[in-house]
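Chain and residue survey
Spelled out, the chains give:
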2 protein chains.
Amino acid sequence: MYEKFWLEAGDAAALIIPGSQAISYFSDVTNLCWFLEPELGGEIRRLHRLVGNAAADDGRHIVVGTGSSQLFQAALFALSTSPEITAVAAGRPIPVVSSVPYYSSYPAATDLLRSSLFRWEGDASSFEDSGGPYIEIVCSPSNPDGSVKAPALSSSHGKRIHDLAYYWPQYTAITTPADHDIMLFTVSKCTGHAGIRLGWALVKDENVAKRMVKYIEVSTIGVSKDSQLRAAKILKAVSSGYELEETAESYKLFHFGWKMMNDRWRRLREAATATGVFSLPVFQPEYCNFKNDSTSPSPAFAWLKCEGGIEDCESFLRENHKILTRSGKHFGAHMKFVRISMLDRDGTFNIFVERLMSIKL
Amino acid sequence: MYEKFWLEAGDAAALIIPGSQAISYFSDVTNLCWFLEPELGGEIRRLHRLVGNAAADDGRHIVVGTGSSQLFQAALFALSTSPEITAVAAGRPIPVVSSVPYYSSYPAATDLLRSSLFRWEGDASSFEDSGGPYIEIVCSPSNPDGSVKAPALSSSHGKRIHDLAYYWPQYTAITTPADHDIMLFTVSKCTGHAGIRLGWALVKDENVAKRMVKYIEVSTIGVSKDSQLRAAKILKAVSSGYELEETAESYKLFHFGWKMMNDRWRRLREAATATGVFSLPVFQPEYCNFKNDSTSPSPAFAWLKCEGGIEDCESFLRENHKILTRSGKHFGAHMKFVRISMLDRDGTFNIFVERLMSIKL
């Protein structure tokens, strides 16, 4: 979906890397995160200041990662190896939970290597708190259902990872600068560049940040400098699109994105209503401090529910209507639900809406 | 060390990425490794054909990774989750071994998440083979000591990962195209671009390759496209330096590298001999099929031994002579040994040799 925007952006977002650049492993040995390119760190902070979606200054540490997937694992590692947790965990894996529906990659990434440090325990809402340590993942706005999510658990012995991949103005109202202990972001959902594999964490506690850095050091010896330099260029183009004078509307990424998303959601809702077979989440408008306007959420995914007795929505859509979705079962939810990407190219989205419209029970 | 070469190479190795390129997660959905950029796959095969250091065609699969560190872990995952191994492992972690001195990152990366799938067991030569499955890492030429290494174990129930990061003509004689089940390579040691975080594995077995892809999919959802596109450009410049007509000597990377390394090793040996305090490995010349000449190895690391009763070589060099090295203890060896990088910039290498020369007991 964002390709159109970046085609228009032209040279401002293009990167040239000579063969002799970015050779070394190191970016800044004076920084806790020694593999973070200083230019990228600067652009990340600048963008958060512009958008107002997260507190990124005042001693908060930036840890860069190979996408936020790697940072998620780095955070699990950092939290589960903290001295206060290992003291009480007594060698048992720390439970990792998230409230249903949760992002399907959380269980897969948590249990990939069957670690003795942490283990996926499923739905946070049904977690039996025995007084031991645990880690809750809070994804808000939520992947898959787009809702604004609060933590389900609140014990003092629990730790949290806040996945804020979708807390950008094209998807939801920016109501307040988030200010949690560990916050994850990714270029992929902010600007559309998924292939760049670049995410960042904002981390308050220095020792947690250090252990996250340690994880990334051992698992991939840092993060591609090429991706970092390109991400810096792209984020810079986004901020400049707003901050430089006389910038045309077409250079404002979040307004472009919001317009596209809003239009797609309108069309999706019309199609779903026309068929009478599906329902979609209903969102309340909220005031967005970035857009200075009251806006309804337009999430990156549609969490579609099959009505009318269809028990397996994914199979129904795939077998009968050639629509590929991801079943609710992967998200800890009922198979009546499916997750649908709202970020595909125009052509694909148009075909999807057409096929959906044609469905009659 | 390689910076000088790439400054000369100019535009041939420079990459331009427009903002609208490489947006998607996917590179080639028809390939088993769906996140491998086809251009990079082509250049990898072309380079192996040129150098003759590995069999990369005829159905062997290329799995790209965020450096060979990630591929090492992907290979551990793939081997330890194979149906034949899990059937006999009965839930116990598979022992992972490598003969001393081994690369210090193997134990760290193997045990990072305290996996129940595999566990570091140290020196392959002292491994007690109880008839169960195991994984042996064979790094040849060896990091840290530069020797050509054969596997220490040979049971039919064992698996091997061959780390061939240093099997390039600037470091060692290319005697035969390696043709093992799993072979790991990295751009870092081939062309010097460590910051690119890009490695590749050549894998014979389709199912092993699939599980390696699965590991990378879950841990980082693929590999930076920017790094892949740049690596393709750089490897292309290397091959073209040899294959295009009338190319000047200065565009031949491996000859540039070999000349530099050979000169550095000569100076290092002279310095070590002059002091009488140190010894270095002695290598026999071998015929290199790539250079069509008999050549002595000139490894990327010097495995230096303190003689004359110095028990802790690392401390001795650091505290008394301001030379930073890595102690032999990290490599499973005695503290009389240290590993020294031979790939630093000229200025740093010159200071190192000067300081070494000045040492008298």
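Heads up: the structure comes first, above all this text.
All of these numbers come straight from a predicted model, not from anything done at the bench.

What counts and what doesn't
Residues numbered from 1 in each chain as written. Chains lettered and ligands numbered in written order. Predicted model: local features only at pLDDT ≥ 70, side-chain atom pairs only at ≥ 80, totals over all residues. Heavy atoms only, no water. Helix = DSSP H or I, 4+ residues; strand = E, 2+ residues; numbered from the N terminus. Rg over C-alpha atoms; globule rule 2.2 N^0.38 Å. Buried < 20%, exposed > 50% of the residue type's maximum accessible area, 1.4 Å probe, protein only. Contact = heavy atoms within 4.5 Å. Areas by Shrake-Rupley, 256 points an atom, 1.4 Å probe, with all protein chains shown as cover. Expected span 1.5 Å × (residues − 1). Pairing = 2+ DSSP bridges. Axes fitted to C-alpha atoms, helices over the stretch in contact; angles between N-to-C directions. Salt bridge = Lys/Arg side-chain N within 4 Å of Asp/Glu carboxyl O. Disulfide = S-S within 2.5 Å. Least-squares fit on C-alpha atoms with pLDDT ≥ 70 in both.

A tally of helices and strands in chain A yields 11 helices and 14 strands. For chain A, whose C-alpha radius of gyration is 21 Å, the value lies close to the compact-globule estimate of 21 Å for 361 residues. Once the C-alpha set of chain A is aligned to its principal axes, its extents read approximately 60 × 55 × 40 Å. When each of the 361 residues of chain A is scored for burial, the buried share is 60%. The contacts of chain A with a sequence gap of at least 6 include a subset with a gap of at least 24, amounting to 72%. With the model as given, the accessible surface of chain A reaches about 14,200 Å², and the carbon-plus-sulfur share is 50%.

Our next topic: helix α9 (residues 253–275) of chain A. Residue and element names in this part refer to chain A. Between the first and last C-alpha of α9 there are 33 Å, a value that for 23 residues agrees with the 33 Å anticipated at 1.5 Å per step. Looking at α9, one finds that the buried residues are Leu253, Phe254, Phe256, Gly257, Met260, Met261, Arg264, Trp265, Leu268, Ala271, Ala272 and Thr275. Downstream of α9 by a residue or two, Gly276 has a phi angle that is positive, lying close to 75 degrees.

With that settled, the discussion passes to the sheet that holds strand β8 (residues 199–203) of chain B. Strand pairing in a sheet relies on backbone hydrogen bonds. The paired strands run either parallel or antiparallel. Residue and element names in this part refer to chain B. An order of β2-β8-β7-β6-β5-β3-β4 is seen for the 7 strands of this open sheet, with the pairing classed as mixed. Here the strands that pair on one side only, and so sit at the sheet edges, are β2 (61–65) and β4 (118–123). Looking at each pair of strands side by side, their axes are set apart by 25 degrees on average, direction ignored. The sheet contact formed by strand β7 (residues 182–186) and β8 spans 5 bridges and is antiparallel. When the bridges of β8 are listed, Thr186 appears paired with Gly199.

This paragraph deals with the pattern of salt bridges. Here the structure, examined in full by the defined rule, presents 38 salt bridges over all chains. With a closest N to O distance of 3.8 Å, Arg45 of chain B and Asp57 of chain B form a salt bridge. Here Arg45 of chain B is found in helix α2 (residues 38–51), whereas its partner Asp57 of chain B is found in the loop between α2 and β2, with 12 residues between them in sequence. On the basis of relative accessible area, Arg45 of chain B is assigned to the partly exposed category, the value being 24%. Asp57 of chain B gets classed as partly exposed once you look at its relative accessible area, which sits at 23%. Of the charged contacts in the structure, one is a salt bridge between Glu270 of chain B and Arg266 of chain B, with a shortest N-O distance of 3.2 Å. Taken together, the positions of Glu270 of chain B and Arg266 of chain B, both in helix α9 (residues 253–275) and 4 residues apart, correspond to about one turn of that helix. What makes Glu270 of chain B partly exposed here is its relative accessible area of 44%. Beyond isolated ion pairs, a larger network of salt bridges with shared partners links Lys4, Arg264 and Asp346 of chain A.

Once that is clear, we can look at the state of the cysteines. One pass over the structure, following the stated rule, counts 2 disulfides over all chains. The residue that forms a disulfide with Cys306 of chain A is Cys313 of chain A, at a sulfur-sulfur distance of 2.4 Å. Linking Cys306 of chain A and Cys313 of chain A, the disulfide has an S-S dihedral of approximately 65 degrees and is accordingly described as right-handed. Distance from the sulfur of Cys33 of chain A, which forms no disulfide, to the nearest cysteine sulfur (Cys190 of chain A) is 19 Å. Here Cys288 of chain B is not cross-linked by a disulfide; its sulfur's nearest cysteine counterpart is in Cys190 of chain B, at 14 Å.

Attention now moves to the relation of the copies chain A and chain B. With an RMSD of 0.0 Å, the fit of chain A onto chain B corresponds to turning through 180 degrees and sliding 0.0 Å along the axis. Taken together, the rotation angle and the small translation identify this as a two-fold axis. Same-surface contact between copies: 100% of interface residues of chain A are shared with the interface of chain B.

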